[in-house]
Structure formats: structure tokens, C-alpha cells
Amino acid sequence: MKIARTIACGAATGLLPLLAGAAEIDGAALSRTWALPFAGLLLSIALVPLAAPGFWHRHFGKIAAAWALAFLLPFAAVAGAGAAAGVVLHALLAEYLPFIVLLTALFTVSGGIYLRGNLHGSAGLNTGLLAAGAVLASVMGTTGAAMLLLRPLIRANDNRRHQVHVVVFFIFIVCNAGGALTPLGDPPLFLGFLQGVGFFWPLVHLWPHTLLLVGSLLAIFHLLDRAYYRREGTLLRDPTPDTQRIGIDGARNFALLGAVVALVLMSGLWTRAPAFTVAGVPVSAASLLRDAGLVAVTLVSLAITPRTVHEANRFAWAPMAEVAKLFAGIFVTIAPVIAMLQAGAGGPFGADVAAVTRPDGQPDPALYFWATGLLSGFLDNAPTYLVFFHTAGGDVPALTTTLAPTLAAISAGAVFMGALTYIGNAPNLMVRAIAVDRGIPMPGFFGYMAWSCGVLLPLFLLVTFVFFRP
């Protein structure tokens, strides 16, 4: 309750008007105090699993709900119950449900595909799987590629004494950097596509950045994994014996993956779809058709996938449930943070927004890369992309031509730096949950950041020097 009183007092010093439909918050009228629940949720995700792992495993959903209420109850007291309900409905209908429906479809369909047989996790094989994942991430999304390849990769390395680095680099490459080349790869680029950025614009303008980053990561991983392999050897008994020929079970799910891609692409291309409002939240027919189709794909996958495939994959809903509960709290508590960022130079974070502009008034691509990226590492990278997209002017013809380096910096920052933390991109948390469920001792929040900062930050500096320096 202390944090609730603090937030209420901070907001009581100024007005709190709401924009159309009571779903959008006037960020310029807020104080930074309203960001405390979001910060508290992030700290909970970072610290509680380390301090009390058993408590976290049993109650992480309640913790996320408590922080959401720490924002909603004071907000309702200051702005009214209708305004608070508007924020929840907007987060639910416009953001959370489409997000979770897509993730669930990709999680289910990819979980219905089983690579049969026992691969052996040498440095060469592991590097090849990570490279394949980087390519697939831009075709079927980072979540789909991660769910398709993670289980075979873990199984291939289950006779290795050191496996943590394999999963960490998998998050770097497959869950993030590999999705930078198409709007289907990562949600920020899909939002840009909906704003009018061409479908192939990321491929044309980001392939050198992606090639440098992914190529460097693959080289570093290969050297590290080879060193581990030579030093550790393998276990005397392989938990996955060579009793089956290598093959694919559940291959019909590949067609369903194609349906997922088609549905997402349709929702972006059908720009003249009729729209209507639900409880004050605008909803397009294209979005409804996409989400209904994704639910149907999920149900069809569950119906046609043999139980033996799910058992072989050790398919379980726990990782998806963790992501769903945590991101429900994140989408609610992030609302005032995004509103304050969208207020631009006149908002509480005005100094931060002005910091990405050169003295001559032109946007600085290097600063946009780091500002977008660092916020994407701790906020959801999709709305962060939109904030800086509009901070840079939001003029698509200009951003895709004369200001192309700025849009490239925003896009690369949002996609690449989502790998900095577990919460930077949804597949990160999902992969960690699956790895832990398989017995891999994954590092906690700060332990993972030790890996990401040590490996990624020098490479991001290299990307800045090569592509974004004045």
C-alpha cells in the first residue's frame, strides 16, 4: 500500500486528463512516479527467483497481478474507475490478446514437430543449428523458430556437462538477432510494416547489420563451444541413446506454420478492412480474422498431433503460462511508461527524447540505436519501436529514404537489444522456462545480463562504429 499512496500523491499534484475513449493516457500530465509499478515488476522478475525460487514458482502470477493492481487502484482513485477500465481493456484487446494468441499458436504448432533421432552436440552441429535458427527466425518469427529448434538442440547436448552457454547464445541469435530481416521476424518490424514501411525494407537495409552481428555471434559461440567440448568431453551414458533413425514426426504442422505466416501477413496487407469499436477500443476485421484463424490453427494442431510427438517433445503448458501471466502484468504496468515516452520533449522523459537529436535538429542514428535498444531490453520492444518511430517524425517516405539510417537504427536497436535481458523479448522467457524444465541450470536475471553485457555490448559498439557513426 505504501507504493500506492506514493503514486496517488505524485499524481495528485497535477491533472490527469484522458484522451479519446479513456484508453489512452496523457503522458505529459504524469509524473515519473507512475512508472514505479512497472519498475517493481521488473525487479521482482529479476530478484525473487534468485532469493526465493520456490515461492516464485508457486506465486509469480500473483506477484504480477499485485504490481498491476499497484498501478490500477491508485489510477482509478485519481482518474476514475472508467479510465482504469479503459486502460485494461485497451491493453487486453489491442495488445495482450493478439500477442498471446500469436505466441500460443507458434508455441503449439512448433511443439507438434519432433526431430526424431539423436543428434550429437559438437561445436559444428550446434553452430549449424544456431545458423539455421537465425535464417528461420525471419521466416517464421523468433518464437516459432525458437520453439522448433530448442528441443532438438537441448536433446543433442544432454550428454554435455556445460549446456548453459548453448541456450544463452540461442537466445541471442534465434530469439532476437535472427528476426531482423522481415516484418514476420519480430513484432517491432511488423508494427513498422503496419505503419507503411515496405515488407522488404528491413531485408534491404538491415542485412549488413544482421550479417555482422549474427556472424560474429556464431564465430564467438563456435570457439567457446569447441573449447568447452574439448575440456569437458561427454558423459559416459548419453541420456538420449541412438535407437531411432533421424527423421521428422508431426510434419503436418509445417503446413500450419505456413497458415500462421499467411494470417499475420493478411492482417497487415488488408488495410481497408472494416473496423469497429469494442468498449471504446478500435478493432479491425482483419485483426479479428487473424486472431480467430490463429486460435483455429492452435486447435487443429492439438487435434492432429499424435500424443507420442508431444510426449517426445515433453510438451507442457507451463512455459506458455509463465509468459502469459508475466506479460499480462507487463502490458498493464507499462501503459503509463509508454504514455510518458510518447509525450516527447514535453513529457516527463523529455530530456531523454531530446538527447537523441543533434544540435542541428537532425536525428542522430547512433543515439537512436542505443536509446531504442536499451529501452527495448527492459520494456517491450514493440511499443518502444513505435515511440521512437514517431519521435523521429513518423513520416514514412522520409524515414525510408533520406532518414533511412535513423529508421535502420531504430529497427536494429529494437530487435538486437531485446536480447539484453530475459524480458526484452517474449521468446527469451519462454526458452529459459523450457531449459529450466529440462534441468539446465539457467542463470538468473543478473546472471544472464552478465552474459549479454559481456558478449553483446562490444558487438553493439562495433555495429555503431561501422553503420551509425556520424
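In this text the structure is predicted, and so the values were computed from the model without any measurement.

S.K.: Tell me about the overall build of the protein, and name the residues and values.
M.R.: Scanning the protein from N- to C-terminus turns up 19 helices and four strands. Projected onto the principal axes, the alpha-carbon positions of the protein cover approximately 70 × 50 × 50 Å. Contacts spanning at least 24 positions in sequence make up 80% of the contacts within the protein whose residues lie at least 6 apart. Summed over all atoms, the accessible surface of the protein reaches about 19100 Å², with 68% contributed by carbon and sulfur. Charge separation in the protein, taken as the distance between the mean sites of 25 positive and 19 negative side-chain charges, equals 9 Å.

S.K.: Go over the pairing of strand S4 (residues 281-284), please, and point to the residues and values.
M.R.: Of the two faces of S4, the one holding Val281 and Val283 is buried and the one holding Pro282 and Ser284 is not buried anywhere. Bridge count for strand S3 (residues 275-278) against S4 is four bridges, and the pairing is antiparallel. Across the sheet, residue Phe276 finds its bridge partner in S4, namely Val283.

S.K.: I'd like a description of helix H18 (residues 426-437), backed by residues and values.
M.R.: Between its first and last C-alpha atoms H18 spans 17 Å; for twelve residues at 1.5 Å apiece the expected length is 16 Å, and the two agree. Taken across its twelve residues, H18 has ten buried, putting it largely inside the fold. The elements touched by buried residues of H18 are helix H4 (81-111), helix H5 (123-156), helix H6 (164-173) and helix H12 (318-342).

S.K.: Tell me about the packing of aromatic side chains, and name the residues and values.
M.R.: The description of two aromatic rings rests on the distance between their centres and on the angle between their planes. Summed over all chains, the structure comprises 23 aromatic pairs. Ring centres of Phe107 and Phe315 lie 5.3 Å apart, and the angle between their planes is 40 degrees; on these two criteria the pair is classed as tilted. Taken together, the residues Phe107 in helix H4 and Phe315 in the loop between helix H11 (307-313) and H12 connect sequence positions 208 residues apart. Centroid distance Phe107 to Trp317: 6.0 Å. Interplanar angle 45 degrees. Geometry classified as tilted. Pair noted here: Phe107 is in helix H4 and Trp317 is in the loop between H11 and H12, with a separation of 210 residues, a long-range link. Arg469 extends its terminal NZ or CZ atom over the ring of Phe465, reaching a point 4.4 Å from the ring centre.

Rules of the game
- Residues numbered from 1 in each chain as written.
- Predicted model: local features only at pLDDT ≥ 70, side-chain atom pairs only at ≥ 80, totals over all residues.
- Heavy atoms only, no water.
- Helix = DSSP H or I, 4+ residues; strand = E, 2+ residues; numbered from the N terminus.
- Contact = heavy atoms within 4.5 Å.
- Areas by Shrake-Rupley, 256 points an atom, 1.4 Å probe, with all protein chains shown as cover.
- Lys, Arg positive; Asp, Glu negative; His and termini not counted.
- Charge placed at Lys NZ, Arg CZ, Asp CG, Glu CD.
- Buried < 20%, exposed > 50% of the residue type's maximum accessible area, 1.4 Å probe, protein only.
- Pairing = 2+ DSSP bridges.
- Expected span 1.5 Å × (residues − 1).
- Phe/Tyr/Trp six-rings, centres within 6.5 Å; stacked < 30°, edge-to-face > 60°.
- Lys NZ or Arg CZ within 6 Å of the ring centre and 35° of its normal.

Keep in mind these numbers describe shape, not what the thing actually does.
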